[in-house]
Every structure is written in structure tokens, then in C-alpha cells.
Amino acid sequence: MKLGFEHSYATLPARFYARVEPAKVTDPQVVIFNRALAAELRLDPDMDARQAAAVFSGNELAEDSMPIAMAYAGHQFGSFVPQLGDGRAILLGEIRDRQGVLRDVQLKGSGRTPFSRGGDGRAAIGPMLREYLISEAMHALGIPTTRSLAVVTTGEQVYRTEILPGAILTRVAASHIRVGTFQYFAARGDQEALQELLNYVIARHYPDAKNADVPALAVLKAITARQAALIADWMRVGFIHGVMNTDNMALSGETIDYGPCAFMDRYDPSTVFSSIDLGGRYSYTNQPGIAQWNLARLAETLLPLIDSDEKKSIELATEAIEGFVAQFETAFLAHMRRKIGLASAEEGDADLISLLLAAMQKAQTDFTLTFSKLSRVADNPSDDATVHELFNTPADIDGWLKAWRARLVLDPQTPAERAETMRLANPEYLPRNHRVEAALQAATAGDMQPFNDLLGILQRPYERQPDAAEYTQPPPSSDQKYKTFCGT
């Protein structure tokens with residue numbers, strides 16, 4: 001059996017990866033298979049269940065697969081680790097999708113590799129289904145992300161804080177090259193490998209940089225622009241990644257690694273969900289700054305490739321990285337304008353948005369519900385009671401509502417156009433943390449129905465689904481101390 005794999009990354013020198021095969025598992029069973037994504041990848045969406053279980057567990061390798069584990073390093077919570085790598089993930093190969101784009105197909109939880117560092121290389125069903133659910137929800141929201149093709153149970157158990165059913169995720173990505181991939185070779189002083197990696201990144205992701213005066217600088221600027229746009233996308237829906245280490249920043253501009261991530265309920269910029277982020281390094285409000293910090297670490301690895309004069313190289317790289325702030329602020333402001341129904345730009349818009357967020361923080365209103373309700377009352381002041389109920393008193397928001405409506409008068413949209421603008425900017429349904437946990441608990445116990453129900457709703461996040469009203473609601477107050485865990 002062949003799946004149409006290509007192996008451009010495996011043509012790079014041997015020190016870029018380790019050749020390794022997935023460990024066989026006892027009794028693989030498909031628990032979910034993404035038929036729509038399979039069709040995008042020109043795979044059979046109706047693949048026989050037994051064959052799918054064999055292929056996506058790693059028990060049966062396609063004839064054209066060439067499995068490897070990729071090498072990389074990374075800063076983890078600010079501390080540099082010179083060797084990380086795929087400790088429980090194996091890249092089967094790359095598939096060219098229907099648009100001609102090359103996409104990695106990787107097994108996650110498929111056994112030990114030379115980069116496992118004492119780990120068992122396995123994964124539990126909960127974290128693998130969590131990544132499937134949230135990555136597919138992010139895709140439906142229109143946010144660049146890795147995708148999930150399948151989750152297969154292994155028939156074996158994994159040992160974490162408790163004994164859990166084992167599982168393997170098949171992840172699809174534009175590539176798995178990270179900031180940490182460049183750091184791996186920079187830490188070894190391997191400039192030849194850095195140049196080869198840069199050439200590969202240019203060919204795969206940034207072909208326009210090939211003809212630039214300084215290709216390395218052009219790539220750095222392009223990556224910076226994509227990351228600014230990505231983080232603004234996260235912030236517009238209240239997404240908190242939770243572990244923005246440099247090995248979790250994909251140079252393609254996709255969101256990668258859904259370990260301790262979560263979506264903010266009550267608006268508080270300092271929100272942290274990750275159980276290991278004790279200092280709030282990766283809080284909601286810190287995400288833009290951390291992204292820029294990560295980009296600076298990337299820039300350090302590229303300095304020898306930017307210019308032979310170190311001083312000039314640093315100046316050029318610094319200028320590129322400093323551009324992140326304006327790019328992020330521009331993208332975020334554009335998103336927030338749409339969220340409050342604006343298609344035009346006026347000088348005071350940033351202040352208007354800041355005042356709304358301050359009122360939301362003071363009243364601890366739900367981030368998603370606030371914008372959803374505003375979309376219902378933009379041109380209907382008589383319905384303001386639906387917004388008032390989120391705040392402690394009407395006075396907490398009435399002044400802002402008056403200023404907002406005065407600003408809407410200056411906007412060229414008709415009420416119908418504004419309603420559509422706000423509908424497409426403000427999701428009704430997100431992977432609410434309490435809903436995700438309930439679905440994963442049921443799935444771990446063998447009941448996939450709650451998971452499938454939630455997934456179906458999240459695949460249409462901007463549509464008002466009459467039978468899904470309960471999924472728009474925030475968690476009960478008892479769940480406000482919610483914590484997420486890495487799952488490794």
C-alpha cells in the first residue's frame with residue numbers, strides 16, 4: 001500500500017533527524033477519523049477501519065513511508081535545552097494535498113525515539129483527543145493550525161498520575177520546523193546546517209525570499225509577520241496557548257502543540273491555565289511579548305547568515321524583530337474593530353476598545369458572551385438588557401454603549417452588513433474548558449458521544465445553532481479555578 005508520501009525533509013543531512021520506526025501496539029482501534037481532511041490529502045476518506053487502525057497506529061507502514069524523528073532544541077520557560085527533538089513523535093512523510101501544498105503526516109505517541117530522554121514515547125487517549133478537538137476547532141475558527149487526521153487507541157495502558165488507555169494521534173502540519181530547529185544547529189556552531197535549513201525553509205514556506213538581497217533577513221521578516229498575525233488571531237478569541245516555548249513556535253505560522261492550552265471565560269488579561277506556569281510567563285496578555293522574545297531567539301541563530309559584519313547583522317535583525325509590535329497591534333486592532341461592528345477606521349477606535357475591555361475586566365464578564373451579545377444589540381438599543389445582565393449594574397456599561405453607538409453612526413455599513421460583520425468576527429461556540437473536560441472524561445471511559453456532539457458544534461462556530469444554546473454558556477463558578485496539564 002502506498003499513500004503518496006514524499007520525503008523532502010529526509011533528504012537533508014542525517015544529523016537533522018533520526019531514522020526510527022513506530023513501536024507496534026497490541027490492539028489498534030480507530031476512535032475518530034477525519035474524513036474531510038483525508039479527502040484534502042487525497043487519501044481514501046472511506047478507508048477500511050482495520051487498515052486505518054493499522055496505518056495510523058504505525059503497526060503497518062505504507063510502502064512509500066520513511067519514518068524519522070526530527071532533531072530540535074528550545075527554550076522551555078526561558079531556560080535553554082540544547083537537545084529536545086521528537087521524543088514521542090515520528091514523521092511518516094509528506095503528502096501533497098489537493099492544492100499542491102506539501103503537508104507533514106506525523107504520528108504522536110508512537111513510541112520511543114533517540115530523543116525521548118527517558119520518556120516512554122507513549123500518549124494517553126485524553127490528551128490526544130484534546131489535540132484533535134481543539135486543533136479542528138481552531139481550523140473552523142479560521143486560525144492557522146496543525147490539523148488532526150485520526151486518533152487510534154492502542155489496546156495498551158500508559159502510566160501517568162494514573163493508569164490510562166493509550167492512544168496515538170495523526171497530526172498534519174505545513175511542516176514541523178520550529179524556532180528550536182534552528183537553535184539546535186546554532187548551539188552546535190553548525191553554520192553549514194543552518195544554511196541548509198534556511199534554504200529548505202525558503203523553498204517550502206517562503207519562496208519569495210530566495211531572490212531577496214538578504215534571504216535570511218527576508219525569511220526573518222516574513223516569519224515575524226506571520227507570528228504577529230497568528231497571535232492576534234489567538235487573542236481575538238481568548239485563546240491561551242499555555243506553553244509558548246521556542247520548540248512550540250512553528251516557522252510556518254501555524255499553531256502547534258495543544259498541551260495545556262485553554263480558552264478564557266471571564267475576561268482577565270492575566271489569565272493562566274497551565275498548571276506548570278506558576279509565574280504567568282505565558283498568560284493571555286503576555287503572548288505577544290513572548291512571541292517577540294521567541295523571534296529574537298530565532299534571529300540570534302540567523303545572524304551569521306544575515307551579514308558577515310556582526311554589528312550590521314544585529315542592527316538588521318533587531319529592526320526586523322522590533323517590527324513585530326506594530327504588526328501585532330495593527331492586526332489585533334483590525335480584529336477588534338470587526339468584533340464591535342466597525343468596517344472603517346477612526347482615530348479613537350483603540351481607546352473605545354480599551355474602555356470596553358476595562359469594563360469587562362472590572363465586571364469579570366465572559367469574553368465570548370460579551371461580544372456575542374453586543375452583536376445582537378448593535379442597532380437595537382431597546383435590547384440593551386441582554387448586555388446589562390453580564391455587568392454588575394447597567395451604569396457599568398451604559399456609558400460605553402452610548403459612545404459605541406455614536407461611533408457606529410460614522411461607519412458606512414448598513415445594519416444588515418454590520419450584523420454580518422459581527423457574526424463572522426464573534427464565534428458563538430468555542431471549546432469551553434468545562435465542556436472539553438466532560439467530553440474527554442466520557443471518551444476515556446469509552447463513551448465518544450459527548451465528544452462527537454461537541455466536535456460537531458465546534459465545526460460551525462459562527463452559526464447560531466438553536467439546539468446548542470447550552471454550549472454557549474460559561475462554566476459554573478465552581479470551575480473558575482480550572483487548570484490544564486501538559487499530558488506528557
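Residues numbered from 1 in each chain as written. Predicted model: local features only at pLDDT ≥ 70, side-chain atom pairs only at ≥ 80, totals over all residues. Heavy atoms only, no water.

## Here's the deal with the overall build of the protein chain
So, step 1. The number of helices and strands found in the protein chain is 15 helices and twelve strands.
So, step 2. By the compact-globule yardstick of 23 Å for 488 residues, the protein chain fits well, its C-alpha radius of gyration being 23 Å.
So, step 3. Taking the principal axes of its C-alpha atoms as reference, the protein chain extends roughly 65 × 60 × 40 Å.
So, step 4. For the protein chain, the residues scored as buried account for 58% of the 488 residues in total.
So, step 5. Counting every atom, the protein chain has about 19,800 Å² of accessible surface; 51% of that belongs to carbon and sulfur. (Helix = DSSP H or I, 4+ residues; strand = E, 2+ residues; numbered from the N terminus. Rg over C-alpha atoms; globule rule 2.2 N^0.38 Å. Buried < 20%, exposed > 50% of the residue type's maximum accessible area, 1.4 Å probe, protein only. Areas by Shrake-Rupley, 256 points an atom, 1.4 Å probe, with all protein chains shown as cover.)

## Some thoughts on the packing of helix H5 (residues 191-204) against helix H7 (residues 287-306)
So, step 1. Two elements in contact, H5 and H7, have axes whose closest approach is 10 Å; the angle formed by their N-to-C orientations is 95 degrees. Between H5 and H7, the crossing angle belongs to the class labelled roughly perpendicular. For the pair formed by H5 and H7, the contact residues are Gln-191, Leu-194, Gln-195 and Leu-198 on the first element and Thr-301, Leu-302, Pro-304 and Leu-305 on the second.
So, step 2. In terms of residue class, the contact of H5 with H7 is built from five nonpolar, three polar and no charged. (Axes fitted to C-alpha atoms, helices over the stretch in contact; angles between N-to-C directions. Parallel < 35°, antiparallel > 145°, perpendicular 65-115°, else oblique. Contact = heavy atoms within 4.5 Å. Nonpolar A, V, L, I, M, F, W, Y, C, P; charged D, E, K, R; others polar.)

## So, the pairing of strand E9 (residues 147-159)
So, step 1. Note that strand E3 (residues 29-33) and E9 share four bridges and pair antiparallel. Bridged to Ile-32 within E9 is Val-151.
So, step 2. Joining the antiparallel neighbours E9 and strand E10 (residues 163-173) is a turn of three residues. (Pairing = 2+ DSSP bridges.)

## Observations regarding helix H12 (residues 395-409)
Given 3.6 residues per turn, any residue in an α-helix points the same way as the ones three and four places further on.
So, step 1. The end-to-end C-alpha distance of H12 is 22 Å, a good match for the 21 Å that 15 residues give at a rise of 1.5 Å each.
So, step 2. Among all positions in H12, only Ile-397, Trp-400, Leu-401, Trp-404, Arg-405, Arg-407 and Leu-408 are buried. Viewed along the axis of H12, the buried residues span an arc of 155 degrees, placing them on a single side of the element. Exposed and oriented more than 90 degrees from the buried face of H12 are Ala-395, Lys-402 and Val-409. (Expected span 1.5 Å × (residues − 1). Arc of directions from axis to C-beta.)

## Notes on the packing of helix H3 (residues 125-141) against helix H14 (residues 433-444)
So, step 1. At a minimum axis distance of 9 Å, the contact between H3 and H14 shows a crossing angle of 135 degrees. With respect to H14, the axis of H3 lies oblique. Like other packed secondary-structure pairs, H3 and H14 cross with a definite hand, here right-handed. Of H14, the residues touching H3 (which contributes Ile-125, Gly-126, Leu-129, Arg-130 and Leu-133) are Val-436, Glu-437, Leu-440, Ala-443 and Thr-444. (Left-handed = near helix turned anticlockwise from the far one by under 90°.)

## Quick word on the nonpolar core
So, step 1. Residues Tyr-9 and Trp-404 are the most contacted members of the largest nonpolar core, which totals 102 residues.
So, step 2. Looking at this core element by element, the count peaks at eleven residues for helix H6 (residues 215-236).
So, step 3. Not counting the four nearest positions on each side in its chain, Trp-404 is found in contact with Ile-340, Leu-352, Leu-374, Val-377, Ala-378 and Met-422.
So, step 4. In this structure, Tyr-132, Ala-137, Tyr-429 and Ala-439 belong to the second largest nonpolar core, which totals 24 residues. (Core = buried A, V, L, I, M, F, W, Y, C linked by side-chain atoms within 4.5 Å.)

## Examining the side chain of Thr-421
So, step 1. Mapped onto the elements of the fold, Thr-421 is located in helix H13 (residues 415-425).
So, step 2. Looking at Thr-421, its side chain comes within polar contact range of the side chain of Gln-413, at 2.4 Å.
So, step 3. With near-sequence residues (within four places) excluded, Thr-421 lies in contact with Arg-338 and Gln-413. (Polar contact = N/O pair within 3.5 Å; in protein donor to acceptor, adjacent residues only side chain to side chain.)

## Structural notes on the pattern of salt bridges
A side chain of one charge can pair with a side chain of the opposite charge when the charged atoms of the two come close.
So, step 1. Applying the stated rule across the entire model yields 30 salt bridges.
So, step 2. In this structure, Arg-418 engages Asp-411 in a salt bridge whose closest nitrogen and oxygen atoms are separated by 3.9 Å. Asp-411 carries the same exposure label as Arg-418, and that label is buried.
So, step 3. Arg-464 is the partner of Glu-428 in a salt bridge, and the nearest nitrogen-oxygen pair spans 3.4 Å. Here Glu-428 is found in the loop between H13 and H14, whereas its partner Arg-464 is found in the segment after helix H15 (449-458), with 36 residues between them in sequence. (Salt bridge = Lys/Arg side-chain N within 4 Å of Asp/Glu carboxyl O.)

## A closer look at the environment of Ser-135
So, step 1. As for its position among the elements, Ser-135 is in helix H3.
So, step 2. Taking the C-alpha atoms as reference points, Ser-135 and Thr-255, 120 residues apart in sequence, are found 8.3 Å from one another.
So, step 3. If near-sequence neighbours (up to four positions away) are discounted, Ser-135 is found in contact with Thr-145, Thr-146, Arg-147, Ser-148 and Tyr-258.

## So, the side chain of Arg-88
So, step 1. By the secondary structure assignment, Arg-88 is in the loop between strand E6 (79-81) and strand E7 (89-96).
So, step 2. Among buried charged residues, Arg-88 stands out as having no salt bridge; its nearest opposite-charge side chain is Asp-257, 6.4 Å away.
So, step 3. Within the local environment of Arg-88, its side chain forms a polar contact with the backbone oxygen of Arg-122, the two atoms lying 3.3 Å apart. (Lys, Arg positive; Asp, Glu negative; His and termini not counted.)

## Notes on H15
So, step 1. All of the buried residues along H15 are Phe-451, Leu-454, Leu-455, Ile-457 and Leu-458. End-on, the buried residues of H15 take up no more than an arc of 160 degrees, which puts them together on one face.
So, step 2. Each element contacted by the buried residues of H15 is listed here: E3, H3 and H14.

## Overview of the packing of aromatic side chains
So, step 1. With the rule as written, the count across this model stands at 16 aromatic pairs.
So, step 2. On the basis of an interplanar angle of 85 degrees and a centroid distance of 5.3 Å, the ring pair of Tyr-9 and Tyr-200 is categorised as edge-to-face. Remark: Tyr-200 occurs in helix H5 and Tyr-9 occurs in the loop between strand E1 (5-6) and strand E2 (17-19); sequence separation between them is 191 residues. Take Tyr-9 and Tyr-200: they sit in the same class, and that class is buried.
So, step 3. Taking the centre distance of 5.7 Å and the plane angle of 10 degrees together, the rings of Phe-328 and Phe-332 count as stacked. With a gap of four residues between them, Phe-328 and Phe-332 both fall in helix H8 (residues 310-339), about one helical turn apart.
So, step 4. Phe-332 gets classed as buried once you look at its relative accessible area, which sits at 17%.
So, step 5. Three or more aromatic residues link up through ring pairs in this structure, and these residues are Tyr-9, Phe-16, Tyr-184, Phe-185 and Tyr-200. (Phe/Tyr/Trp six-rings, centres within 6.5 Å; stacked < 30°, edge-to-face > 60°.)

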